[in-house]
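# Examination of the molecular architecture
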Amino acid sequence: DTAVSQTPKYLVTQMGNDKSIKCEQNLGHDTMYWYKQDSKKFLKIMFSYNNKELIINETVPNRFSPKSPDKAHLNLHINSLELGDSAVYFCASSQVIVLGAPHYGYTFGSGTRLTVV
Amino acid sequence: AQKITQTQPGMFVQEKEAVTLDCTYDTSDQSYGLFWYKQPSSGEMIFLIYQGSYDEQNATEGRYSLNFQKARKSANLVISASQLGDSAMYFCAMREGQGQAGTALIFGKGTTLSVSS
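Structural notes, computed from the coordinates. (Residues numbered from 1 in each chain as written. Chains lettered and ligands numbered in written order. Predicted model: local features only at pLDDT ≥ 70, side-chain atom pairs only at ≥ 80, totals over all residues. Heavy atoms only, no water.)

### Here we look at the overall build of chain B
Secondary structure summary: chain B contains zero helices and twelve strands in total. Compactness check: chain B gives a C-alpha radius of gyration of 14 Å against a globular reference of 13 Å for 117 residues, within 12% of the reference. Over its C-alpha atoms, taken along the principal directions, chain B stretches across nearly 45 × 30 × 25 Å. Across the 117 residues in chain B, those meeting the buried criterion constitute 50%. A sequence separation of at least 24 residues applies to 54% of the contacts in chain B between residues at least 6 apart. When the accessible surface of chain B is summed, it comes to about 5,400 Å², and 47% of that surface belongs to carbon and sulfur atoms. If you average the places of the 9 positive and of the 11 negative side-chain charges in chain B, the two averages end up 3 Å apart. (Helix = DSSP H or I, 4+ residues; strand = E, 2+ residues; numbered from the N terminus. Rg over C-alpha atoms; globule rule 2.2 N^0.38 Å. Buried < 20%, exposed > 50% of the residue type's maximum accessible area, 1.4 Å probe, protein only. Contact = heavy atoms within 4.5 Å. Areas by Shrake-Rupley, 256 points an atom, 1.4 Å probe, with all protein chains shown as cover. Lys, Arg positive; Asp, Glu negative; His and termini not counted. Charge placed at Lys NZ, Arg CZ, Asp CG, Glu CD.)

Okay, here's the thing in structure tokens:
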């Protein structure tokens, strides 16, 4: 069973379109994230949600809107796509870490390669 | 200022040799965690090793070890007995704080490792 699954894996679309990327985790984690990996491979946090509540909302155009219907799902909707939105988008999840408790890592999905033409 | 610095854009090593990938970090938190991830050409993010700021021993996971020097704020990854399959991009990352809900990883720019036979 895939721990963090993203769909689709590849997405090619025209400028101006609206698209969504879906993410689901079956690890029972409390927190989910969206990261963007640009053409230089730099990974930058976009959003994080904890139990459906938005925690981090980095400086991201408001054309990007995350939606978390429940703590196992975090979708990313992008309006009016632009060429600069082309990147690989990673979903990830983690558990809240309690000091002294066993460490829980951050688990990443396999990524969605978005190409805007 | 960058929170995670990886100064080696590319490293080359021969099979069976050891290699060290450098990582320095910047934080004012007393509690933090340091991670290394591997990203092969297939694109997925693979968790390798974790070091907590309060851990007195250097972390080890099979052929991977983390050389943690707290005073120098460095967390270098050592791969022993390199294999061809180790060729990939390697990212150092940090979680600040105690892992409160929604705390995201901050990534370095990565180091590309090439292993030759």
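That shown, we press on.
### Points about the sheet that holds strand β8 (residues 73-78) of chain A
Residues and elements named next belong to chain A. Strand order in the open sheet formed by four strands is β1-β3-β8-β7, and the pairing between neighbours is antiparallel. Two strands close off the open sheet at either side, each with one partner strand: β1 (4-7) and β7 (64-70). Taking the axes of each pair of neighbouring strands and ignoring which way they run, one obtains an average angle of 20° across the sheet. The sheet contact formed by β7 and β8 spans five bridges and is antiparallel. Note on β8: the bridge partner recorded for Lys-67 is Asn-75. (Pairing = 2+ DSSP bridges. Axes fitted to C-alpha atoms, helices over the stretch in contact; angles between N-to-C directions.)

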